[in-house]
Every structure is written in structure tokens, then in C-alpha cells.
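One-letter residues, chain by chain:
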Amino acid sequence: MLPGTSRRDAFVLAGGAAAIGIIAVLLRRIPDISPTTAAMALLLTVLGAATLARLGVAIAISVIAMLSLNYFFLPPLGAFTIADPQNWIALAAFLVVAILASNLSAAAQDRAREADASRHEVTRLFDLTRDVLLTSDTGSAIEALARHVARRFDLSRVAICLPSDQGWRISQGGREEIVVTTDVLNTALAKARGMLEFDAYRRAYGGHVRVGEASEIAIVPLRQGTKAIGLLAASAPALDIGTLDALAGVVAIAIERVQFLTERDAAELVRQKAELASTLLASLSHDLKTPLTAIKTAVENLSGDLTATDRREQGDAAITELDRLARLLQDILDMARIDAAAIRVNRQWVTAADVVDAAVAHVRHALDRRELRVHAEGDGNVEIDPLLASVALSHLLENAALYSPTDSGIDVEAQVEADGLRISVTDHGPGLDPGELDHLFERFYRGHTARQSTFGTGMGLSITRGLLAAAGGRVWAENVPGAGAKFTIVVPGATRPATVSH
């Protein structure tokens, strides 16, 4: 086997030599065969081999074909000598033509391989760009980017190195960890921040560094415009500097995108906080003013000359408004606990009726003069947090009372199922606007009709969702034809027959 040849080249060399031998034997069987005819047949074999193998193999086959032409078809036959001096010219011409043809074929193959490699390079860069666009989690985006680079370019070792106030932040992406000292990174970054030069032949900008025992680790600058923001370290012997530089360009764009997304999220968070604060202030201003005014009026009336019945009515009115204030403050506290993930779940064995009774007692004020039809099965116990479940249900009951006509009843169905507790509330009102279903459980959200007909903070349904989420439950809303809006909650928990003693 020739130095540097592959298994395929060896196969082509052996096959070409065999084909030359077979052609020589067949042509010798033809009487008075012309050396020119034999030379053309052998030249076809050389060209065929040149299209399949590299230049070295094609030249070797050209020499074999030339020797075969000399031995079998140029007099004296059966010897490697030439009697007629003109045949030397013919033999030399044959060899030159064979080598030139092989060289042209090899050059065409090289260009084809380069085009194929460029196509694969562009495809990999495109796939990497698509991975970048699909990455939305800014918290782990750099680590994910390093893994995408290793996967798309089949790199066993690759790392994205970004400078920070605490040193270097290195995100590994390959199967093996790449180790580069801080001094090397500092030197490479300083070099990358020097004069910016472009090498047109290598298709790369300056600032590249190779380190390691055999210089197997390439360190490529990550640039945003002309500014070097970090380094890409990779063990990529199969990739040239131009490809690595293009890869570093895509990585730099991805890092810039992550920075933009982070800044956008921060700005959006500030905007949402300002909007929430404004909405909360607008909602609470009325919800606080109304009960305070009613309490003040009731207390002022109590100081006058009233009958015992009137005093009791004024006292009851003041107590009702104080309860309303207490519930509003409790809603604010619940919202703060949900935001702080400070909801603790205390599971107990209860029945469906226990949860419904506790919820009804909690919002008795809102259900006055409303027909409440409760169907709660009592033949099963479920292990849940009864306080969380009852508070979540109370908001649904209060919501049904607020947004349905006073002469319509409210149906409550509760049962213990195999996987937990299921409760539904149907208000028999006008139903929900289909365009608002996706926003019902958002904080401080109140539909167009609700804003025009009633007052409220818009926290109830959001609190319901937050409390249930802490217990692993869920809530959803739907319209029931002819029955208005229906809200359903499911709280998962272990179940057992109600006859089992506590």
C-alpha cells in the first residue's frame, strides 16, 4: 500500500492492476492488435481508476499500464526493452497523458470534496442557528449552546469561555472536559483584542491560538462586531480555521441574543411590576374605600339615638364590612405567599362535604339571598389540605355569586374520586366570554363585563390557581350550554372509604 492511502485506495489500486492484466490478456488474443488500440484501452482503465482514487494511486496505475503496454504490445514482445526508438516517444506520450488525465481527475475530485465539505459546513451552521433560535431559557442558554456546538460538529471537547468579574465562566459541551488554564485564556483574549486582521486565504480573522501538547486545542475569539467578548475552545482536528471562525461567529451571535433576551425579560418584569402595582392600587382604592366609608357611617349612626333593632343592624353592617376588609387583607397575604412559594400543605383525611361546608362558611356574606344547591358525596375520605381546598373553593363560590343574576341558583357538586377530590361550581349565569377564557386565572384580570358591572380586585381566581398548584391540583373554566359558567377544581390525594376510622 502506498503511504497515505486508505483502504479504498488500496482496493482501487488492486482492482486497476487486475483490470490492466485482464485487458492485456484479452487484447493479446486479437491477431495483429495495434499498439495504439492497446494504449487507448489501457488509458480508459487509468481514467476509470483516477475517478475513484487519489492522485498517487492514479499515477501508480498509469505506471503499471505503461509497463504493460511496453511488455505486451511494443516489440520486442515479452521484454521491457524497446527496439524502435519511435516507440519510446509513444510510450512517454502514453505515460504523460495518463498522468495528466489522472491529475485533472484528482483535481476535480478535490474540488468536489471541498464543495461537499462546504455544503456540510453550511448545513451544520444552519442547524446550529436553528438550535439557537429554539433556545428560550436564558438561565442555561450558554450551557445548551455549548452542547449544541458539540453535537452539530461532532466535537468530543468544546467549551465556551466568557470573562466575568469573578474570573472565567466556562461552559463545557462535549463528552470530555476541555481544560485550559486561566493564564492561557487571559493571553488569548488579550491577543484577540489587538489589531483585527482578516486572512482571506484561511477565511478567518486573527487572534487564533493553539495550545496543548500537540497543539490539539484551538482557541478562537468570540466577537460582537470588532469587540472580543469571549473565547471558543475546541479540539477539532477535522475543522479548518475558517470553519472554526465561522462557528465562533454564530456562537457570538447566540450569546448576544441571550443578552438581549435577558435584558428584555428584565424590562418586561419591571413593566409587569409597574402595571401590577398600578392595577392593585386602582382595585384596592375602591375595595378599601367602600367598607371604610360604610364602617364610618355605621359607627356615626351608633352614636345617635337609635332603637335596639337599629343599633343591631348598624353593628351587623360594620361587622360585615370589617369581615370584608379582613378577607381583602387575607387575599393580599395569600398572593404574597404564593409569590414567595411559601404555601405549606398540611394533609388530613376529610370528606367532600367537609371542604364544601368550610368554603360556604367562609363566604356566607356573598351567598345571602342566593339559592345554593350542594350535592356532596360522603361515602369517601380523601387526604388533602382542607384549608387550601376550602379557600380555593370559596373564591369560586364568591365569583359565581358576583357574576351571575341574584335570582339564579348556584350548583355545587363534590365527590371523592380514585385520584383525589373533584368539585365543580355552576353559576347559571350568562357564561364566560370565549375570548377571555385564556386570561381568567391571570393576576388582577377582570373581563370587560365584570369591570362594568361589579367591583373587585381580580385576585380571587389567581389565588385559587396558586393554592391548588401548591397542592398539586388544577382548576379550569368552561361554558355549559344553558347553565352558564362552570369552574372545576381537582385536588389529588389518597382516598379510602368513609367507614374507615380515624
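Everything below is about the structure printed above this text.
Here we summarise the structure given alongside this text. Because the structure is predicted, anything quoted here is derived from the model rather than measured.

## Structural notes on helix H3 (residues 55-73)
Reasoning step 1: Taking 1.5 Å of rise per residue, the 19 residues of H3 would be expected to cover 27 Å, and the 26 Å separating its terminal C-alpha atoms lies within 8% of that figure.
Reasoning step 2: Those residues of H3 that sit buried are Val57, Ala58, Ala60, Ile61, Ser62, Ala65, Met66, Ser68, Leu69, Asn70 and Phe73.

## Regarding the packing of aromatic side chains
Aromatic ring pairs are reported here in terms of the distance separating the ring centres and the angle at which the planes meet.
Reasoning step 1: Using the criterion set out here, one finds 0 aromatic pairs in the structure.
Reasoning step 2: Seen from the ring of Trp349, Arg496 lies directly overhead, with NZ or CZ sitting 4.0 Å from the centre.

## Some details on the pairing of strand E7 (residues 227-234)
Reasoning step 1: The buried fraction of E7 is high, at 7 of 8 residues.
Reasoning step 2: Note: strand E1 (residues 158-164) against E7, 4 bridges, orientation antiparallel. From the neighbouring strand, Val158 faces E7, where its bridge partner is Ala234.
Reasoning step 3: Where strand E6 (residues 217-224) hands over to E7, the hairpin turn is made up of 2 residues, of which Gly225 adopts a positive phi near 75°.

## Points about empty space enclosed by the protein
The probe, sized like a water molecule, is rolled over the atoms to show the empty space still left.
Reasoning step 1: Applying the stated criterion across every chain, the model contains 1 cavity of 30 Å³ or more.
Reasoning step 2: Here the largest cavity defines a volume of roughly 60 Å³.
Reasoning step 3: In this structure, the largest cavity is lined by Val132, Thr135, Ala141, Leu145, His148, Ala254, Arg257 and Val258.
Reasoning step 4: Among the secondary structure elements, those contributing two or more residues to the lining of the largest cavity are helix H5 (141-152) and helix H7 (241-302).
Reasoning step 5: Looking at side-chain class alone, the lining of the largest cavity contains 5 nonpolar, 2 polar and 1 charged residues.

## A word on helix H12 (residues 460-470)
Reasoning step 1: Buried within H12 we find Leu461, Ser462, Ile463, Thr464, Gly466, Leu467 and Leu468.
Reasoning step 2: Positive phi shows up at Gly472, right after H12, with a value of about 80°.

Cut-offs applied
Throughout, residues of each chain are indexed from 1 in the direction in which the sequence is written. Residue-level local features of this predicted model are given only where pLDDT is at least 70; pairs of side-chain atoms are given and counted only at 80 or more, and the full residue set underlies all totals for whole chains, interfaces and linings. Computation of side-chain values covers all heavy atoms of the structure but excludes hydrogens and water. Only DSSP runs of H or I covering at least 4 residues are called helices, and only runs of E covering at least 2 are called strands; the numbering of each starts at the N terminus. What a helix is expected to span follows from its residue count: subtract one and scale by 1.5 Å. Relative accessibility thresholds used throughout: buried, under 20% of the residue-type maximum; exposed, over 50%; partly exposed, between the two (1.4 Å probe, protein chains only). Put simply, two rings from Phe, Tyr or Trp (the six-membered ring, in Trp's case) pair if the centres are within 6.5 Å, and we call them stacked under 30 degrees between planes, edge-to-face over 60, tilted for the rest. Remark: a charge is flagged as sitting over a ring if the NZ atom of Lys or the CZ atom of Arg is within 6 Å of the ring centre and within 35 degrees of the ring normal. Pairing between strands is defined by DSSP: at least two bridges between them are needed. Here a cavity denotes a set of grid points, spaced 1 Å apart and computed over the protein atoms alone, in which a 1.4 Å probe fits but from which it cannot get out, and a pocket denotes an open set meeting protein on both sides within 12 Å along at least five of seven lines; residues with an atom within 4 Å of a point are reported as lining. Grid points are joined across faces, edges and corners, and a volume is the space filled by probe spheres set on the points. Nonpolar residues are Ala, Val, Leu, Ile, Met, Phe, Trp, Tyr, Cys and Pro. Charged residues are Asp, Glu, Lys and Arg, and all others, Gly as well, are polar.

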